[in-house]
Amino acid sequence: MDFTFGIITGGGNDVMINTIIDSIQREKIPNYEVIVIGLSNIKREHVNIIPFDETQKQRWITKKKNLITSNAMYDNIVFMHDYISFNSGWYDGQLTAGDDYKVRVDKILTKEGKRFRDWCIWPNNGNFMDKLIGRQCLIPYDIKNLSKYMYVSGSYWVAKKSVMKDFPLNEGLCWGQGEDVEWSKRIRLRYDFSMNPHSTVQILKPNKNIAFEVSDEITIKKLKEIND
């Protein structure tokens, strides 16, 4: 599997981006490229810096992510912000999970080692799921078939280039305007999300915004009944 790693940045974060690239290189991926969209002075092998005029629109991350798609060399694209690194074994985990996916989520951990927003139910679907869950929450990785109630966090995901060309981010939205939710609601009408528990990424900075994780047996049982 060949990969394009697309990193968006607002500038001034080359130290962390170099850490990310180091973690990618350690995976010994035969064919890969790194695209950085935004202000950066990094000059490294396999790295392509695409400057971005930040004065066009404040926090225009949707435009940046669509530029990743249009410039990607490979069909497997990792979309990510400039504060997430790859844990050892990430690439082997991708090989284990296989190439049969459209949109995929890996395990995402906070710097402190807690689950971040990886495999998430969205709480405002306008149906019975909202009452059952009542809040944005993380669900067990083995519950696979609830895509129509879920969303993919914009901080990190993996997708096929052809899928992202058909379902680009809405450039009318910027960071903090629910751009990832809007995109998830569109794409889940056609495709199921895939969960890959074999690969892990980790946030490099402290994070206080931890999603609630479903752990009570009654709710998990109900979710698995829906899943079946």
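Residues numbered from 1 in each chain as written. Predicted model: local features only at pLDDT ≥ 70, side-chain atom pairs only at ≥ 80, totals over all residues. Heavy atoms only, no water.

### Details of the overall build of the protein chain
So, point 1. Across its full length, the protein chain holds seven helices and twelve strands.
So, point 2. Radius of gyration (C-alpha) of the protein chain: 17 Å, near the 17 Å computed for a compact globule of 228 residues.
So, point 3. If one aligns the C-alpha atoms of the protein chain with their principal axes, the spans along those axes are about 50 × 35 × 35 Å.
So, point 4. Each of the 228 residues in the protein chain was classed as buried or not, and the buried ones make up 54%. (Helix = DSSP H or I, 4+ residues; strand = E, 2+ residues; numbered from the N terminus. Rg over C-alpha atoms; globule rule 2.2 N^0.38 Å. Buried < 20%, exposed > 50% of the residue type's maximum accessible area, 1.4 Å probe, protein only.)

### A look at helix α2 (residues 61–71)
So, point 1. Residues of α2 that are buried: Ile 61, Thr 62, Lys 64, Lys 65, Asn 66, Ile 68 and Thr 69.
So, point 2. Buried positions along α2 lie against β1 (3–8), β2 (32–37), β4 (76–81), β10 (156–160), α5 (161–166) and α6 (179–187). (Contact = heavy atoms within 4.5 Å.)

### Here's the deal with the side chain of Lys 160
So, point 1. Structurally, Lys 160 is set in strand β10.
So, point 2. A polar contact is formed between the side chain of Lys 160 and the side chain of Asp 99, at a distance of 2.4 Å.
So, point 3. Residues contacting Lys 160, with those up to four places away along its chain left out, are Asp 75, Asn 76, Asp 99, Tyr 101 and Lys 102. (Polar contact = N/O pair within 3.5 Å; in protein donor to acceptor, adjacent residues only side chain to side chain.)

### Topic: the nonpolar core
So, point 1. By size, the foremost hydrophobic cluster in this structure holds 40 residues, and its most contacted members are Val 103, Ile 121, Ile 139, Trp 157 and Trp 183.
So, point 2. When residues no more than four places from it in sequence are discounted, the contact partners of Val 103 are Val 152, Trp 157, Val 158, Ala 159, Val 163, Trp 183, Ile 187, Asp 192, Phe 193 and Ser 194.
So, point 3. Within the second largest apolar cluster, 27 residues are counted, among which are Ile 29, Ile 42, Val 158 and Val 201. (Core = buried A, V, L, I, M, F, W, Y, C linked by side-chain atoms within 4.5 Å.)

### Some points on the sheet that holds strand β8 (residues 137–138)
Two orientations exist for strands paired in a sheet by backbone hydrogen bonds: parallel and antiparallel.
So, point 1. Spatial strand order, β9-β7-β8-β12: four strands in an open sheet with mixed pairing. Edge positions in the open sheet fall to β9 (150–151) and β12 (212–213), since each of these has one partner strand only.
So, point 2. Sheet topology places β8 next to β12; two bridges connect them, and they run parallel. By the bridge assignment for β12, Leu 138 is matched with Glu 213. (Pairing = 2+ DSSP bridges.)

### Remarks on the layout of surface pockets
So, point 1. Counted as a void, the largest pocket has a volume near 690 Å³.
So, point 2. Along the walls of the largest pocket sit 30 residues, with Ile 61, His 81, Tyr 83, Trp 175 and Gly 176 positioned nearest its centre.
So, point 3. Mapped by element, the contributors of at least two residues to the lining of the largest pocket are α2 and α6.
So, point 4. Here the lining of the largest pocket is built from residues that sort into ten nonpolar, 13 polar and seven charged. (1 Å grid on protein atoms, 1.4 Å probe; cavity = no way out; pocket = protein on both sides within 12 Å on 5 of 7 lines; lining within 4 Å. Points joined across faces, edges and corners; volume = space filled by probe spheres on them. Nonpolar A, V, L, I, M, F, W, Y, C, P; charged D, E, K, R; others polar.)

### Description of the pattern of salt bridges
So, point 1. Tallying each qualifying case throughout the model produces nine salt bridges.
So, point 2. Asp 142 is paired through a salt bridge with Lys 224; the nearest N and O atoms lie 3.6 Å apart. With Asp 142 in the loop between β8 and β9 and Lys 224 in helix α7 (residues 217–227), this residue pair connects regions lying 82 residues apart in the sequence.
So, point 3. Given the relative accessible area of 49%, Asp 142 is considered partly exposed.
So, point 4. With a relative accessible area of 34%, Lys 224 lands in the partly exposed category.
So, point 5. Arg 186 is paired through a salt bridge with Glu 182; the nearest N and O atoms lie 2.8 Å apart. (Salt bridge = Lys/Arg side-chain N within 4 Å of Asp/Glu carboxyl O.)

### Brief notes about the pairing of β2
So, point 1. β2 sits mainly inside the fold: six of its six residues count as buried.
So, point 2. Neither face of β2 is open: one carries Tyr 32, Val 34 and Val 36, the other Glu 33, Ile 35 and Ile 37, and all of them are buried.
So, point 3. The pairing of β1 with β2 spans six bridges and is classified as parallel. What sits directly across from Ile 7, in β2, is Val 36.
So, point 4. The parallel pair β1 and β2 is bridged by helix α1 (residues 14–25), and the resulting crossover is right-handed.
So, point 5. Where β2 lies against strand β3 (residues 47–50), four bridges are found, and the strand directions are parallel. The residue of β3 that forms the bridge with Ile 35 is Asn 48. (Right-handed = clockwise from strand over helix to strand, strands pointing away.)

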